[in-house]
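Each chain, written out:
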Amino acid sequence: MVANRSSVQPNSRSWHKRFPGLSQWLEALPYLLPTIIGFFVFILGPVIASFLLGFTEWDLLTPPKWIGLGNYQAMLFDTPLFWTTLRNALYYTLLFVPGAVILPLFIAVLMNQHLRGVTFYRSVYFLPVVTSTVAVALVWQWLYNPEFGPINYLLKMVGIKGPAWIASPEWAMPALVLMSVWQVIGYNMVIYLAGLQGIPEEYYEAAAIDGATRWRQFFSITIPLISPTTFFILIVSIIGSLQVFEQTYILTQGGPAYATLTIAYYIYQQAFQFFHMGFGAALSYVLFVIILLLTLIQFRVQKRWVFYN
Amino acid sequence: MTVKQYLRWGRFRHWHVLGGAVLLAMLLAACVASAPGGQGSASSGGATTIKLMCWEGALGTKDLVTNDLIPGFEKANPGIKVEYEVLPWDQFWTKIATLAASGTMPDIYCNSVAYIWDHANKNISADIQSLFDRDLKPDDYFMQLTDVERYPDNKGDLYGFPFRWVDGALFFNKDLFDAAGLKYPDDSWTYDDVLAAAQKLTKDTDGDGQPDQWGLVAGMDHIMLDSIIKSNGGQVVDDSYSKCMLTEPTALAAIQWVTDLVQKEKVSPSPTVAQGFAQGIFPSGKVAMQINGSYQTAPYKDITAFKWDVSWQPKGTQGRVVYGGPDSLSISKNTKNLDAAWAFMKYMVNPDIQKRGDLIGLGSIPILKSAAFSDDWLKAAGQPEHAKVFADSGDFVKGADFGSQWIEWRATIMNNELNQALLGQRSADDSAAAACKAIDDVLVKIDKPKK
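From a predicted model like this one, the values you see are computed outputs, not experimental measurements.

**Q** Requested: an account of the overall build of chain A, with residues and values cited.
**A** Helix and strand content of chain A: 15 helices and two strands. Compactness check: chain A gives a C-alpha radius of gyration of 26 Å against a globular reference of 19 Å for 309 residues, more than 25% above the reference. In terms of overall dimensions, chain A has a C-alpha envelope of 95 × 70 × 35 Å along the principal axes. With 309 residues in all, chain A has 47% of them scored as buried. Of the contacts made within chain A by residues no fewer than 6 positions apart, 65% connect residues no fewer than 24 positions apart. Summing over all exposed atoms, chain A offers an accessible surface of approximately 17300 Å²; the carbon and sulfur share of this is 70%.

**Q** Tell me what's going on with the state of the cysteines, and back it up with residues and numbers.
**A** Residues and elements named next belong to chain B. Going through the model one piece at a time under the given rule, you end up with two disulfides over all chains. Paired by a disulfide, Cys-54 and Cys-110 hold their sulfur atoms 1.9 Å apart. Its S-S torsion of approximately 65 degrees makes the covalent link between Cys-54 and Cys-110 right-handed. Of this pair, Cys-54 sits in strand 1 (residues 48-55) while Cys-110 sits in strand 3 (residues 108-111), placing them 56 residues apart in sequence. Take Cys-54 and Cys-110: they sit in the same class, and that class is buried. The disulfide partner of Cys-244 is Cys-436, and the gap between their sulfur atoms is 2.0 Å. Disulfide Cys-244-Cys-436: torsion about the S-S bond near -65 degrees, hence left-handed. Here the residue Cys-244 occupies a position in the loop between helix 9 (222-231) and helix 10 (249-263), and Cys-436 occupies one in helix 20 (residues 428-443), the gap between them amounting to 192 residues. We note that Cys-244, like Cys-436, is buried.

**Q** Hey, could you go over the nonpolar core for me, with residue numbers and the actual values?
**A** By size, the foremost hydrophobic cluster in this structure holds 221 residues, and its most contacted members are Leu52(B), Leu59(B), Phe161(B), Leu246(B), Met289(B), Phe344(B) and Trp409(B). Ranked by residues supplied to this core, first place goes to helix 9 (residues 172-197) of chain A with 14 residues. What Met289(B) contacts, discounting residues up to four positions off in sequence, is Leu170(B), Phe171(B), Phe172(B), Phe177(B), Trp189(B), Val194(B), Ala197(B), Ala198(B), Leu201(B), Gly215(B), Leu216(B) and Val217(B).

**Q** Can you tell me about the domain arrangement of chain B, naming the residues and giving the values?
**A** Residues and elements named next belong to chain B. When the domains of chain B are assigned, the result is domain 1 (3-166 + 325-383) and domain 2 (167-323 + 403-443). The interface is formed by 14 residues belonging to domain 1 together with twelve residues belonging to domain 2. Across the domain 1 to domain 2 interface the summed buried area is about 1000 Å²; carbon plus sulfur atoms make up 63%. Three residues stand out in domain 1 for area buried against domain 2, namely Ala-114, Val-166 and Leu-362, and they jointly supply 41% of the buried area on that side. Summed over the shared surface of domain 1 and domain 2, the number is zero salt bridges. Only helix 5 (116-121) and strand 6 (161-173) provide two or more residues apiece to the side of domain 1 that touches domain 2. A class-by-class count of the residues in the side of domain 1 that touches domain 2 yields nine nonpolar, four polar and one charged.

**Q** Tell me what's going on with the pairing of strand 2 (residues 80-87) of chain B, and back it up with residues and numbers.
**A** One ladder, built from eight bridges, connects strand 1 of chain B with strand 2 of chain B; its direction is parallel. Pairing of Cys54(B) across the sheet is with Val86(B), part of strand 2 of chain B.

**Q** For the side chain of Thr297(B), give the residues involved together with the corresponding values.
**A** All names here are of chain B. Along the polypeptide, Thr-297 turns up in helix 12 (residues 297-300). Residue Thr-297 is classed as buried on the basis of its relative accessible area of 0%. For Thr-297, the residues in contact, after removing those within four places along its chain, are Phe-171, Trp-308, Leu-362, Gly-363, Gly-382, Gln-383, Pro-384 and Phe-390.

**Q** Could you give an account of the interface of chain B and chain A, naming the residues involved and the relevant values?
**A** On the chain A side, the residues contacting the 45 residues of chain B number 48 residues. In this assembly, chain B packs against chain A so that about 4200 Å² is buried in total across both faces, 68% of it on carbon and sulfur atoms. Connecting chain B to chain A are one salt bridge. For Asp59(A), the salt bridge goes to Lys122(B), with nearest N and O atoms at 2.6 Å. Remark: the boundary between chain B and chain A carries eight residue pairs in polar contact (both at pLDDT 80 or more). Those elements that provide at least two residues to the side of chain B that touches chain A are helix 1 (2-11), helix 2 (14-34), helix 4 (89-101), helix 11 (271-275) and helix 19 (406-422) of chain B. The biggest single contributor to the side of chain B that touches chain A is helix 2 of chain B, with ten residues. Residues belonging to the side of chain B that touches chain A are distributed by class as follows: 22 nonpolar, 14 polar and nine charged.

**Q** Describe the packing of helix 14 (residues 263-273) of chain A against helix 15 (residues 277-305) of chain A, naming the residues involved and giving the relevant values.
**A** Each pair of packed helices can be described by the angle between their axes along with the distance between the axes. Residue and element names in this part refer to chain A. Between helix 14 and helix 15, whose axes approach to 7 Å, the crossing angle comes to 160 degrees. If you check the angle between helix 14 and helix 15, you find them roughly antiparallel. The crossing of helix 14 and helix 15 is left-handed. Seen from helix 14, the contacting residues are Ile-263, Tyr-266, Ile-267, Gln-270, Ala-271 and Phe-272; seen from helix 15, they are Met-277, Phe-279, Gly-280, Leu-283, Ser-284 and Leu-287. Split by residue class, the contact of helix 14 with helix 15 holds nine nonpolar, three polar and no charged.

**Q** Residue-level account of the environment of Ile365(B), with values.
**A** Residues and elements named next belong to chain B. Tracing the backbone shows Ile-365 in strand 13 (residues 365-366). What makes Ile-365 buried here is its relative accessible area of 0%. The residues touching Ile-365, leaving out its near neighbours within four places in the chain, are Arg-164, Trp-165, Val-166, Asp-167, Ser-294, Ile-360, Ala-372, Trp-377, Phe-390 and Ala-391.

**Q** Tell me about the pattern of salt bridges, and please be specific about residues and values.
**A** Taken as a whole, this structure holds 19 salt bridges over all chains when the rule is applied. Salt-bridge contacts for Asp226(B) lead to Arg410(B); the nearest nitrogen and oxygen are separated by 2.9 Å. Note that Asp226(B) is positioned in helix 9 and Arg410(B) in helix 19, a separation of 184 residues in sequence. The two residues Asp226(B) and Arg410(B) agree in class, both being buried. Linked by salt bridges that have partners in common, Asp59(A), Asp118(B) and Lys122(B) make up one network.

**Q** Lay out the side chain of Thr56(A) in plain terms, naming residues and giving numbers.
**A** Structurally, Thr56(A) is set in strand 1 (residues 56-57). In terms of polar contacts, Thr56(A) uses its side chain to reach the backbone carbonyl oxygen of Leu53(A), at 2.7 Å.

**Q** Any details on the packing of aromatic side chains? Residues and values, ideally.
**A** Pairs of aromatic rings are described using the distance from one ring centre to the other and the angle between the two planes. This structure, assessed with the given rule, holds 61 aromatic pairs over all chains. Both rings, one in Tyr241(B) and one in Trp409(B), keep their centres 6.0 Å apart while their planes meet at 70 degrees; by these two values the pair is edge-to-face. Of this pair, Tyr241(B) sits in the loop between helix 9 and helix 10 while Trp409(B) sits in helix 19, and the two are 168 residues apart along the sequence. Neither residue differs from the other here; Tyr241(B) and Trp409(B) are each classed as buried. Clustering of aromatic rings is evident, with ring pairs tying together Phe51(A), Phe55(A), Trp66(A), Tyr72(A), Tyr285(A) and Phe288(A). It is Arg320(B) that lies over the ring of Phe396(B); its NZ or CZ is 5.3 Å from the centre.

Definitions and limits used
Residues numbered from 1 in each chain as written. Chains lettered and ligands numbered in written order. Predicted model: local features only at pLDDT ≥ 70, side-chain atom pairs only at ≥ 80, totals over all residues. Heavy atoms only, no water. Helix = DSSP H or I, 4+ residues; strand = E, 2+ residues; numbered from the N terminus. Rg over C-alpha atoms; globule rule 2.2 N^0.38 Å. Buried < 20%, exposed > 50% of the residue type's maximum accessible area, 1.4 Å probe, protein only. Contact = heavy atoms within 4.5 Å. Areas by Shrake-Rupley, 256 points an atom, 1.4 Å probe, with all protein chains shown as cover. Disulfide = S-S within 2.5 Å. Core = buried A, V, L, I, M, F, W, Y, C linked by side-chain atoms within 4.5 Å. Domains from an automatic or database assignment. Buried area = accessible area lost by both parts, 1.4 Å probe. Salt bridge = Lys/Arg side-chain N within 4 Å of Asp/Glu carboxyl O. Nonpolar A, V, L, I, M, F, W, Y, C, P; charged D, E, K, R; others polar. Pairing = 2+ DSSP bridges. Polar contact = N/O pair within 3.5 Å; in protein donor to acceptor, adjacent residues only side chain to side chain. Axes fitted to C-alpha atoms, helices over the stretch in contact; angles between N-to-C directions. Parallel < 35°, antiparallel > 145°, perpendicular 65-115°, else oblique. Left-handed = near helix turned anticlockwise from the far one by under 90°. Phe/Tyr/Trp six-rings, centres within 6.5 Å; stacked < 30°, edge-to-face > 60°. Lys NZ or Arg CZ within 6 Å of the ring centre and 35° of its normal.

Spelled out as structure tokens, the structure:
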């Protein structure tokens, strides 16, 4: 009877029944709307707009002027600084990624033991992560001060004349990397900790019975079984290296002598200090493509060294 | 993972600003283009409210502006209310550009020498020449400072008016001069005299074979280098603002001279060493002389370790050229409250405001001559003994080729390229050549005047 009525009378109920997915979706829509609008207006919109802007010349004050591939052409063939930023990005990545991948692993292994007060130490290592980069950078600015900073003071006590750190073209980039590694250790450590705790205890017990040393266990069990975590940290670290902004914005403004001019800072300079919005947008897309390619390559290569059990 | 990535992108919040600005401007560009540019007073009946926008520090502390400056104006001009908004320098110009694109500019705003030309060229600021001619007398003001407010070629009409200005001066450490038994710098000094004194004032006080007290600070900034170039008869860019002139012999010699201060004469610390002093190297007491902006008086007034004073920016082979630049107010082209905005501009240059040291600031010079030479300003607490040099230097002031993209080609590119000579990374010649190549790339793309 019920079935009969609903099939004959085309009321709202039948519509609901015929398209159950759609009706659920419509019910959810009002709740999702704020996020959806936010996504279209603040994420998808700008993504599309900045792609189009990359083909224009725009100073914010007058309407954008279409120049086709002009920005990309100027960037690749006429802007030595663009290549400087790429070189700097490569240098930063080579210094930063080993530090951000290896150091936290060792600390995570240390923090994974059942020791008194281990939660306290974990919190201490995590502290830099929850501190704003601006505050961190200002503190490091003092640490790095060549005349009065504690780092050079300590070096002097052991008879070494410390470098000028962020004021020196040779040492500025290593100094930024040192600060960034220090800041990221806690975060990567927590991820490693989660990975380490996913390795069954039995593997280590069996290995110990077979006579494997702690080092052997570390290299033969921990490293392979934690490789998915390592892979994740590697990807995030490389992406992070290519997007360095605050460190150079606060500490060095890209100097001295362009030694710390990163791509993100260069984009900021071009777009928001010099008002070359089109050029800035084009640069952003080049950065996007570089990150995309590097990440795709890593996903290809991971099959050779990442083990999922 | 997603949270972390979001944070990484989110922390670089300018991505969002870029996105927001893009959308906003694209939506509004069309509307603005067709909207009529209404001008004239809209003070029909009730109170007129004008909106004033400045960057932090342009007009004094926010407290002083909202509790003193603006109430004073509102009292003197019944029927006009002022709404004040202040932003950090970095955000100010992006916001102004966005407001201009959306047709919602403040009625009156603080304008910088770096942007006055662009704002006139792009119809953002109003021509106030006729208002000036009607109400104010040129003889009362340091009019040479208003050249950079004139569009299109420093000779046209006024697109802003200064309420104060700053210039270059030779700051010197009296204690170090006394210790070396040297005469203080005076108005006869040339750059050669400065170098000769610097050689006598550079010392190795701790006996490690390296100087740790220097005679002078070398800088490739516009206050020091550009003044040396011009006082020797050279140019930084040509008269049409389209070509870099740094590779010409006179300019090149000046760049070489500044480079030699560090690399050959060793009377100046390298930028690497100088930057190590967090409060600046002059306050550290380790240098005897520094050519810098008069506005350094404000931070330097706190120096207690030694006595210091100021003297004239030295003479070159072709006479004296002192750097000078105004801090200005501009009125928006599309304001509906032109009269009220102009009333505020006049208020800022009236004697009661101009002679107040707390409003105009130490080392910032009143644009009103009578105030600049009054004891109220000259003897304000914290001024150096010879603060009158700041005001007297007005006769020798030249701007620093302010114009479109000045922040890009001068304050960024030229500094960065020439600093490599100071750092000893390459020769002065190579640095000048590299600077010119990069500067020409910027200048060639600059908009030409619209009229």
